[in-house]
Amino acid sequence: MSSNKKIVVIGAGISGLTTAYLLFKDGYDVIVLEQKDKVGGSIETISENDFLFDRGPNSGLETTPLIQKLVKDLNLEDQFVYANREGNKRYILRDEQLHALPMSPPTFFKTKLFSSKAKFRLLAEPFIGKSKDGYYQSIAEFVTRRLGKEFLDYAINPFVAGVYAGRPEELSVKSAFPKLYALEEEYGGLILGTLRSIRKRKKSKEVSKQSAKMFSFKDGMKVLPEAITETLGNRVSTGAEVTSVRTTAEGNYGVTYRDGKQNLTLLADVVLSTVPAYNAAEIFGHFDEQLSKHLNEIYYPPVLVLYLVYEKKDVGQPLDGFGFLIPEKEEKSFLGAIWSSIIFPNRSDETKAAFTLFIGGSRDAGFVDDVEQIVIDRARREFELIMKINAEPVLITKRFWPKAIPQYNLGYVEHENFFDHFEKDNKGIFLGGNYRGGISVGDCIKNAELVAQKIKKLLNL
Ligand SMILES: Cc1cc2nc3c(=O)[nH]c(=O)nc-3n(C[C@H](O)[C@H](O)[C@H](O)COP(=O)(O)OP(=O)(O)OC[C@H]3O[C@@H](n4cnc5c(N)ncnc54)[C@H](O)[C@@H]3O)c2cc1C
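Reading the values: the criteria
- Residues numbered from 1 in each chain as written.
- Predicted model: local features only at pLDDT ≥ 70, side-chain atom pairs only at ≥ 80, totals over all residues.
- Heavy atoms only, no water.
- Helix = DSSP H or I, 4+ residues; strand = E, 2+ residues; numbered from the N terminus.
- Rg over C-alpha atoms; globule rule 2.2 N^0.38 Å.
- Buried < 20%, exposed > 50% of the residue type's maximum accessible area, 1.4 Å probe, protein only.
- Contact = heavy atoms within 4.5 Å.
- Areas by Shrake-Rupley, 256 points an atom, 1.4 Å probe, with all protein chains shown as cover.
- Lys, Arg positive; Asp, Glu negative; His and termini not counted.
- Charge placed at Lys NZ, Arg CZ, Asp CG, Glu CD.
- Near = heavy atom within 4 Å.
- Polar contact = N/O pair within 3.5 Å; in protein donor to acceptor, adjacent residues only side chain to side chain.
- Nonpolar A, V, L, I, M, F, W, Y, C, P; charged D, E, K, R; others polar.
- Pairing = 2+ DSSP bridges.
- Axes fitted to C-alpha atoms, helices over the stretch in contact; angles between N-to-C directions.
- 1 Å grid on protein atoms, 1.4 Å probe; cavity = no way out; pocket = protein on both sides within 12 Å on 5 of 7 lines; lining within 4 Å.
- Points joined across faces, edges and corners; volume = space filled by probe spheres on them.
- Expected span 1.5 Å × (residues − 1).
- Core = buried A, V, L, I, M, F, W, Y, C linked by side-chain atoms within 4.5 Å.

**With respect to the overall build of the chain**
Thought 1: Counting secondary structure elements, the chain contains 16 helices and 20 strands.
Thought 2: Over its C-alpha atoms the chain spans a radius of gyration of 23 Å, differing by no more than 12% from the 23 Å that the globule rule assigns to 461 residues.
Thought 3: When its C-alpha atoms are laid out on the principal axes, the chain stretches across 70 × 55 × 45 Å.
Thought 4: In the chain, which comprises 461 residues, the proportion classed as buried is 55%.
Thought 5: Considering only contacts in the chain between residues 6 or more positions apart, those separated by 24 or more positions represent 71%.
Thought 6: A total of about 21,400 Å² of accessible surface is found on the chain, and carbon and sulfur atoms cover 52% of it.
Thought 7: Distance from the positive charge centre (62 side chains) to the negative charge centre (60 side chains) of the chain: 7 Å.

This is the structure we're talking about:
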């Protein structure tokens, strides 16, 4: 069902573009305004000297059937690629050695990544009760209580750095890992809950993050936002920075944006914001002082993404995995590295090996105060030692994200509740994007579908 109501989406990242696309396909009148001169938001792919560098997300997880649907609708079947088999193998650094993360009970009992004490501690998990702290529990508290401190230090700490560029002591288990939290709430434990929830998930056709397949595109992650934009045509305006949204006397919204030197205003029945929280504070702040406060409190740590390419023959470490993550306890100056050219085709020619390193995040936000070249040299030296590389890289390039990924920190539930109330009190305004409902590309796509449904429901009342 369509309507003649006008929908304005602010931000052409994957969240905004996916919602706009779904609404457009259903015949709704939708316009996307994007401040930059390119689409994709955090998704950025560049080609440099025949190397393909994804400067934001390297891949997504196929957690929802909507991803395949988009690929088919947009004729991207030839571009779509799954990570090769090596992509399943992940390493963790401990005592200067890379240890494969165990993926089955036999490999778990054999691994040297965890001590025997830590392995036995895991067996106690089904017998551990719930915490009284409920919502106000960090992922660190939750995991230490259920699985033990060593599991926190050598599995969860590096994992959280890999997903959020975050720290488990700061992230809320309920908001940042809602499925994990729900396993304890619904089934009383993680092991029992995982087994029981598999059956439930099969029915909903959703795929858990642990078993979802990793995907990208031959020409990099930018392929998806660019294909959506092509379909939307002149419904996407780049170089259009939204400065404010105001209610009009007629009861709809005026969306004012800067296009070159001129200020223009569009009238809209529905406004969907998918910009980062700190940008949303500027656009909607005047609606409610409390809204600005909640939006501005969401922390986005800085991340430096470093791309290093070497001759493959110069890399002593066997390249048979996705890459490795570094626990904070190992005291290195970067969070981990993805072996980019190993998992996806087309990243470099066969004779080279391309790697993506991540520096900073909440763990080491202070790196921005150091001279950038010193930061890069330090990470490079450590990386080359771990990877047994004794040669200069053939290419070094980088991308600095001053505000990379929103942290769903302790107390995040207060923000979530406030945003829900704000939307109820201001019919027609929707606050979306990666600070609501998950930061991964897969979660952003899933939430974009939910938001599209909510918008359709409102317009068809
Ligand atoms: C370095 C890095 C690595 C990552 N790695 C992964 C990964 O491997 N896998 C994964 O699943 N996820 C990863 N993520 C997370 C994921 O990429 C993002 O959470 C997701 O792409 C966010 O999409 P979004 O549309 O919600 O927001 P964004 O991509 O931030 O898009 C918001 C858009 O709004 C625009 N905007 C802002 N202000 C205005 C304004 N006033 N007017 C108009 N437009 C405005 C911005 O320019 C931007 O284009 C990574 C993120 C980063 C930064």
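Having seen the structure, we can now continue with the description.
**Overview of the site of the ligand**
Thought 1: Taken together, 35 residues form the shell around the ligand, and within it Ser15, Glu34, Ser42, Ile439 and Val441 come nearest.
Thought 2: The contact in question runs from an oxygen atom of the ligand to an N or O atom on the side chain of Ser15, over 2.7 Å.
Thought 3: In this structure, a nitrogen atom belonging to the ligand sits 3.1 Å away from a main-chain N or O atom of Gln35.
Thought 4: In isolation the ligand has 1,000 Å² of accessible area, and contact with the protein removes 92% of it.
Thought 5: Listed by contribution, the elements that provide at least two residues to the shell around the ligand are α1 (14-25), β11 (240-247), α11 (277-284) and α16 (441-459).
Thought 6: It is β11 that contributes the most residues to the shell around the ligand, three residues altogether.
Thought 7: The residue makeup of the shell around the ligand, split by class, is 16 nonpolar, 15 polar and four charged.

**Thoughts on the side chain of Thr274**
Thought 1: Turning to its location among the elements, Thr274 is positioned in the loop between β14 (270-273) and α11.
Thought 2: A polar side-chain atom of Thr274 sits 2.8 Å from the main-chain carbonyl oxygen of Ile10.
Thought 3: Other than its neighbours up to four places away in sequence, Thr274 contacts Val9, Ile10, Gly11, Ser15, Gly16, Gly432 and Gly433.

**As for the sheet that holds strand β8 (residues 97-100)**
Thought 1: One open sheet accounts for seven strands, arranged β8-β7-β16-β17-β18-β15-β19; its pairing is mixed. The sheet terminates laterally at β8 and β19 (395-401), the two strands that pair on one side only. Each neighbouring strand pair of the sheet contributes to a mean axis angle of 30°, computed without reference to strand direction.
Thought 2: Pairing of strand β7 (residues 90-94) with strand β16 (residues 323-325), which is carried by three bridges, proceeds in the parallel orientation. Bridge pairing in β16 places Ile92 opposite Leu325.
Thought 3: Each of β7 and β16 is contacted by helix α6 (residues 149-164), which is oriented at about 125° to β7, the strand it contacts most.
Thought 4: Set on the sheet, helix α14 (residues 372-386) makes contact with β7, β8, β15 (303-311), β16, β17 (336-338), β18 (352-360) and β19; between it and β15 the angle comes to about 50°.

**Concerning empty space enclosed by the protein**
Thought 1: Summed over all chains, the structure comprises one cavity of 30 Å³ or more.
Thought 2: The calculated volume of the largest cavity comes to roughly 30 Å³.
Thought 3: As for the largest cavity, its lining consists of Lys332, Ser333, Phe334, Leu335, Gly360, Arg363 and Asp364.

**A closer look at α16**
Thought 1: Across its 19 residues, α16 extends 27 Å between first and last C-alpha, which sits within 8% of the 27 Å expected from 1.5 Å per residue.
Thought 2: Looking only at α16, the buried set comprises Val441, Gly442, Asp443, Cys444, Ile445, Lys446, Asn447, Ala448, Val451, Ala452, Ile455 and Leu459.

**As for the nonpolar core**
Thought 1: Counting residues in hydrophobic clusters, the biggest one holds 58 residues, and the most contacted among them are Ile10, Leu33, Val245, Phe284 and Tyr435.
Thought 2: By residue number, the principal contributor to this core is α6, which donates seven residues.
Thought 3: The contact partners of Leu33, leaving out residues within four places of it in the chain, are Val8, Val9, Ile10, Gly11, Ala12, Ser237, Ala240, Val242, Val255, Tyr257 and Leu266.
Thought 4: Ranked by size, the runner-up nonpolar core spans 40 residues in total, among them Ala12, Ala20, Ile455 and Leu459.

**Digging into the layout of surface pockets**
The probe, sized like a water molecule, is rolled over the atoms to show the empty space still left.
Thought 1: Considered as a void within the structure, the second largest pocket measures approximately 280 Å³ in volume.
Thought 2: Together, Asp420, Glu423, Lys424, Lys427, Gly428, Ile429, Phe430, Lys454, Lys457, Leu458 and Leu461 line the second largest pocket.
Thought 3: Taken together, the elements giving at least two residues each to the lining of the second largest pocket come down to α15 (412-425), β20 (429-431) and α16.
Thought 4: Grouping the amino acids of the lining of the second largest pocket by side-chain chemistry returns four nonpolar, one polar and six charged.

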